Amino acid sequence: MTGILERWDFAHARYLERDDELRAVITWDDASRERAVELERSESRGPLHGVLVGVKDNIDTARLRTTAGSAILDQNVPDSDATVVRRLRAAGAVVVAKLNLAEFAWGGTTQNRVYGSCRNPWDTDRIPGGSSGGSGAALIAGYCDLALGTDTGASVRLPASVNGVLGLRPTFGSVSNHGVFPTALTQDTVGAMGRTAAETARLAAVIAGYDPADPNSTNEVFEPADARLGQDTDGLRVGVPESFFFDDLDPGVAARVEEFLTWLPRAGTVVVPVADFQQAEAFRHWSTIVPAEGAAHHEDRLRARADDYSEDVRGRLRAGLEITGPELARSLAWRRAYRRRLALVLDDLDLIVSPTVAADVPPIIGTDSRAQTAALGAITYPWALHDGPTLNLPIGLHPVSGLPVGMALTAARGRESTLFQVADRYQRDTDWHTLTPHRYP
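This is a predicted model, so every value here is computed, not measured.

What counts, and at which threshold
- Residues numbered from 1 in each chain as written.
- Predicted model: local features only at pLDDT ≥ 70, side-chain atom pairs only at ≥ 80, totals over all residues.
- Heavy atoms only, no water.
- Helix = DSSP H or I, 4+ residues; strand = E, 2+ residues; numbered from the N terminus.
- Contact = heavy atoms within 4.5 Å.
- Buried < 20%, exposed > 50% of the residue type's maximum accessible area, 1.4 Å probe, protein only.
- Pairing = 2+ DSSP bridges.
- Right-handed = clockwise from strand over helix to strand, strands pointing away.

K.L.:
Looking at this model, I keep getting lost on the side chain of Gln 421. Mind explaining?
P.N.:
Tracing the sequence through the fold places Gln 421 in helix H13 (residues 416-429). Setting aside anything within four residues of it in sequence, one finds Gln 421 in contact with Arg 228, Gln 231, Asp 232, Thr 233 and Leu 236.

Next up, the structure:
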């Protein structure tokens, strides 16, 4: 690895050169160069010593503006770091930038009316996904080594897929949400994003752990995310669903998915069909729980400052206000039963694999993301309602558009290490993760 200061200067130069077009960054932290200088001169502070990390801008950073991608919080400067940021710094990381997102993390396109429409570095006429679109774009554009996103429905996995990076939705409760602006409290997670399985696993391991300041945090003891890096995958049982996830794939996406499925036996795994576990019902219940919880958090502000919300987000939150108590209770009960049902399926498997996104990456069409989000997220919601981890793994480029395609790897609660074990093995056998857009080498 080159010198920390040299890499900071290089990343900063790339940001200055490219971000007028990409709009991946809301705030670049110029003061982080001083941190790079300090770390350059010091002994190792931890597993992320000198690593440049971009942080989604709904995660608090002390004395550095945190907007949640909104006009309402444009001047919000927290006094303290979120727990995950505190853990980053303790591990030796350099937090270089706050990254663009969909307003209040609502939406899958990151076409932000306040801070600019973020663009996909592979094709700047196309979306970078969302809501953590800035995190995915910043990684591919070379602004940072690793990034943090948040995932309530698909907001880490979707931008990871369409930008060609790894992105983890972790086991619910395993990573603290303290200091993160809420989207839906019983669905929110903070996830690691990166170019390689090894680096992303180390980031995931650093930010995980019990936090008494987060009421949803668990004190269960899980194997660290990076514990199985480099291990063989011989004998792992890999489930492939027989319905829903593969039903309506774009032909180019299907071609890459099929190549991945043929790789699995070559890696020594045992491929097992997985029967229906009511995954097609997940979106309906997610679409009750998340808007209702979001509306509860925004209700007073929405009534006092409705015009400061975009039409897109205002519409989503107002719809949440119309959800009744019995409707919410039924969906919460369904989620409890679904998690138990999926846990039983995973009792006999090490992981399940499915495409992350069924469609090719769509063009930018405007700031109202509702239709595109629904289409892109169609097969992501079953894993959002799972309480275990799902990892997007880049598996190649679409043969027509040249845009990235991703595979979702899902395991039982606390089994992140198995997902990174498989992802690491795949990246040792292939070189997709080393590719970058021609315009942003």
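K.L.:
For this particular structure, what's the right way to read the pairing of strand S3 (residues 94-99)?
P.N.:
Two faces belong to every sheet, and in a regular strand the side chains alternate between them. Burial runs high along S3: 6 of the 6 residues are buried. As judged from the 3 bridges shared by strand S1 (residues 25-28) and S3, these two strands associate in the antiparallel manner. Following the sheet pairing, Thr 27 is matched in S3 by Lys 98. Across 5 bridges, strand S2 (residues 52-56) lies against S3 in parallel orientation. Note on S3: the bridge partner recorded for Leu 52 is Val 94. Where the polypeptide runs from S2 across helix H3 (residues 83-90) and back to S3, its parallel neighbour, the crossover connection is right-handed.

K.L.:
In this structure, what is going on with the pairing of S2? I would like to understand it.
P.N.:
Burial of S2 is extensive: 5 of the 5 residues sit out of reach of the surface. Both faces of S2 are covered, namely the face carrying Leu 52, Gly 54 and Lys 56 and the face carrying Val 53 and Val 55. Direction of pairing for S2 relative to strand S6 (residues 146-151): parallel, over a ladder of 3 bridges. Within S6, the residue paired with Val 55 across the bridge is Leu 148.

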